Amino acid sequence: DGGITQSPKYLFRKEGQNVTLSCEQNLNHDAMYWYRQDPGQGLRLIYYSQIVNDFQKGDIAEGYSVSREKKESFPLTVTSAQKNPTAFYLCASSTSGTGIHETQYFGPGTRLLVL
Amino acid sequence: DAKTTQPPSMDCAEGRAANLPCNHSTISGNEYVYWYRQIHSQGPQYIIHGLKNNETNEMASLIITEDRKSSTLILPHATLRDTAVYYCIVRPYTGTASKLTFGTGTRLQVTL
């Protein structure tokens, strides 16, 4: 089946620790995105990438880093600089990111909790 | 990007039509109206989008007013599985990458 997978479903972080969230897609999409969702809130864009080896900051990039070495993979690292990382993290992809009828497809999400 | 205003919550009886309103009074000519929904603890799911004409697909219908300042998402026969948060989003088409700006949406509760 085509789609987006995120792992793990739950992740626990200790103080001062970096953690990496995985996002893989087999939809052959060029564009990929990372969003953060806090309880009762909408999604906020962290980073996005339109092509391999290129990515741009979103609205809340501080304390996060990404890489895009392969078309199908867009991992997100939550660094120790992110002081309030507890949230639901969602990865998405779309065909190109610039099309008129661009639709984003979302993964199931990773819930990050701080110990 | 234009902002959207949606009621925080709505109820609908199962089998009835659910009509979810959205106000986007500052929408620009190149901005499309998108609807997504998010079932509890899952990723959002695309429903439908449109520019100025009414649109229909297997999931829903989208009615956009002539002045484009508001729209209504219609789920013709709501079921319990339609219980979710529904997001109305306006997205510009500029030829460059544009994000989806999610507000807090409308929480639709479908009841027996």
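Scroll up to find the structure this text is about.
Here goes a summary of the coordinates provided. Worth saying up front: this structure is predicted, and the values here are computed from it rather than measured.

1. Here's the deal with the state of the cysteines
In total, this model carries 2 disulfides over all chains according to the counting rule given. The disulfide bridge from A:Cys23 ends at A:Cys91, spanning 1.9 Å between sulfur atoms. Linking A:Cys23 and A:Cys91, the disulfide has an S-S dihedral of approximately -75 degrees and is accordingly described as left-handed. In this pair, A:Cys23 is assigned in strand 3 (residues 19-25) and A:Cys91 in strand 9 (residues 87-94), connecting sequence segments 68 residues apart. With relative accessibility at 1%, the residue A:Cys23 sits in the buried group. Given the relative accessible area of 0%, A:Cys91 is considered buried. At a sulfur-sulfur separation of 2.1 Å, the disulfide partner of B:Cys22 is B:Cys88. Of note, the bridge from B:Cys22 to B:Cys88 carries an S-S torsion of about -85 degrees and is left-handed in sense. Taken together, the residues B:Cys22 in strand 2 (residues 18-23) and B:Cys88 in strand 8 (residues 84-92) connect sequence positions 66 residues apart. Take B:Cys22 and B:Cys88: they sit in the same class, and that class is buried.

2. Brief notes about the pairing of strand 6 (residues 61-64) of chain B
Residue and element names in this part refer to chain B. Where strand 5 (residues 55-56) lies against strand 6, 2 bridges are found, and the strand directions are antiparallel. Within strand 6, the position partnered with Glu 55 by the bridge is Leu 62. Hairpin connection of strand 5 to strand 6: 4 residues between the antiparallel strands. Where strand 6 meets strand 7 (residues 70-75), 4 bridges bridge the pair, whose relative direction is antiparallel. Looking across to strand 7, one finds that Ile 63 is bridged to Thr 72. Following strand 6, the chain reverses through 5 residues before pairing antiparallel with strand 7; Arg 68 in that reversal takes a positive phi of roughly 65 degrees.

3. Considering the packing of aromatic side chains
Residue and element names in this part refer to chain A. For the structure on display, the rule yields 12 aromatic pairs over all chains. If you follow Arg 68 out to its NZ or CZ, it ends over the ring of Phe 74, 5.9 Å from the centre. Lying over the aromatic face of Phe 88, Arg 111 brings its terminal NZ or CZ to 4.4 Å of the ring centre.

4. With respect to unusual backbone geometry
In this chain, A:Ser7 is followed by A:Pro8 through a cis amide linkage whose omega measures -10 degrees. Of note, A:Pro8 is situated in the loop between strand 1 (4-7) and strand 2 (10-13). Non-glycine residue A:Asn28 carries a positive phi angle of around 60 degrees. You can see A:Asn28 is positioned in the loop between strand 3 and strand 4 (31-37). A positive phi is found at B:Ser41, a non-glycine position, where the angle reads about 65 degrees. As for its position among the elements, B:Ser41 is in the loop between strand 3 (31-38) and strand 4 (45-50).

5. Let's talk about the sheet that holds strand 9 (residues 106-111) of chain B
Residues and elements named next belong to chain B. Taken in spatial order, the 5 strands make up an open sheet running 1-9-8-3-4, and their pairing is mixed. The sheet is open, and its two borders are formed by strand 1 (9-13) and strand 4, each paired with just one other strand. Neighbour-to-neighbour, the strand axes of this sheet turn through a mean angle of 25 degrees, independent of strand direction. Pairing geometry for strand 3 and strand 8, over 8 bridges, is antiparallel.

Reading the values: the criteria
Residues numbered from 1 in each chain as written. Chains lettered and ligands numbered in written order. Predicted model: local features only at pLDDT ≥ 70, side-chain atom pairs only at ≥ 80, totals over all residues. Heavy atoms only, no water. Disulfide = S-S within 2.5 Å. Helix = DSSP H or I, 4+ residues; strand = E, 2+ residues; numbered from the N terminus. Buried < 20%, exposed > 50% of the residue type's maximum accessible area, 1.4 Å probe, protein only. Pairing = 2+ DSSP bridges. Phe/Tyr/Trp six-rings, centres within 6.5 Å; stacked < 30°, edge-to-face > 60°. Lys NZ or Arg CZ within 6 Å of the ring centre and 35° of its normal. Axes fitted to C-alpha atoms, helices over the stretch in contact; angles between N-to-C directions.

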